[in-house]
Amino acid sequence: MENIVALKDLRENMEKYAAIVARGGSFVVFKKSRPIFKISPVNEGNWEEVIDFTKIRKGGVDIKEILSRI
């Protein structure tokens, strides 16, 4: 069974739950007795870097600049 966390508890204790996820834990977040989302660790093998904007300009690139060029 997965761990269940109230949204309010998650907001008030974000560092605690971030540490749990960093150690491989996961849980379902509930609001008003209804599940609204699941938090689980990122599987590093499933991510592909498309572009690293910090390599283009130190500090990154302003989103407005990117959107103006699309």
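One numbering rule holds for all chains: residues counted from 1, following each sequence as written. With pLDDT at 70 or above as the cut-off, local features in this predicted model cover only qualifying residues; side-chain atom pairs require 80 or more to be listed or tallied, and sums for whole chains, interfaces and linings still use all residues. Calculation of side-chain values draws on the structure's entire complement of heavy atoms; hydrogens and water are dropped beforehand.

Enquirer: Looking at this structure, how should I read the overall build of the protein chain?
Expert: Across its full length, the protein chain carries four helices and three strands. Put simply, DSSP marks the helices as runs of H or I at least four residues long and the strands as runs of E at least two long, and each gets a number from the N terminus on. Its helices and strands taken in sequence order, the protein chain reads β-α-α-β-β-α-α from the N to the C terminus. Taking 70 residues into account, the globule formula puts the C-alpha radius of gyration at 11 Å, and the protein chain, at 17 Å, lies well above it. Projecting the C-alpha coordinates of the protein chain onto the three principal axes gives extents of approximately 45 × 25 × 20 Å. Within the protein chain, buried positions represent 14% of all 70 residues. Whether two residues are in contact is decided by their heavy atoms: any pair within 4.5 Å suffices. A fraction of 28% describes how many contacts in the protein chain between residues 6 or more apart in sequence connect residues 24 or more apart. Residue exposure ignores everything except the shown protein chains as possible cover, and the areas themselves are Shrake-Rupley values with a 1.4 Å probe. Entry remark: accessible area of the protein chain is about 6200 Å², with carbon and sulfur atoms responsible for 54%. Counting rule for charge: Lys and Arg are taken as positive, Asp and Glu as negative, and neither His nor the chain ends is counted. By convention, charge coordinates are those of NZ in Lys, CZ in Arg, CG in Asp, or CD in Glu. Charged side chains of the protein chain number 13 positive and 10 negative; the gap between the two group centres comes to 8 Å. The globule rule is 2.2 Å times the number of residues to the power 0.38, and the radius of gyration it is compared with is taken over C-alpha atoms. Working definition: with a 1.4 Å probe on protein chains only, accessible area under 20% of the residue-type maximum means buried, over 50% means exposed, and in between means partly exposed.

Enquirer: Would you explain the sheet that holds strand E1 (residues 3-6) in this entry?
Expert: Where strands meet in a sheet, backbone hydrogen bonds hold them as pairs that are either parallel or antiparallel. Paired strands are those between which DSSP finds at least two bridges. Reading across the sheet, the three strands line up as E1-E2-E3 and stay open at both edges, with mixed pairing between neighbours. Here the strands that pair on one side only, and so sit at the sheet edges, are E1 and strand E3 (34-39). With strand direction ignored, the average angle separating the axes of adjacent strands in the sheet is 35°. Pairing of strand E2 (residues 27-31) with E3 involves five bridges; the strand directions are antiparallel. Bridging across to E3, Val 28 finds its partner in Lys 38. Angles shown run from 0 to 180 degrees and are taken between the N-to-C directions of axes, each axis being a line fitted to C-alpha atoms and, for helices, limited to the stretch in contact.

Enquirer: I tried to follow the nonpolar core on my own but got confused; where do I start?
Expert: Most often, soluble globular proteins keep nonpolar side chains buried together rather than apart. Think of a nonpolar core as a cluster: buried Ala, Val, Leu, Ile, Met, Phe, Trp, Tyr and Cys residues, connected wherever their side-chain atoms sit within 4.5 Å. Of all hydrophobic cores here, the largest spans seven residues; its members are Val 5, Leu 7, Leu 10, Tyr 17, Val 21, Phe 27 and Val 29. Looking at this core, the elements that each hand over two or more residues are helix H1 (7-12), helix H2 (14-22) and E2. When sequence neighbours within four positions are dropped, the list of residues in contact with Leu 10 reads Val 5, Tyr 17, Phe 27, Val 29, Phe 37 and Ile 39.

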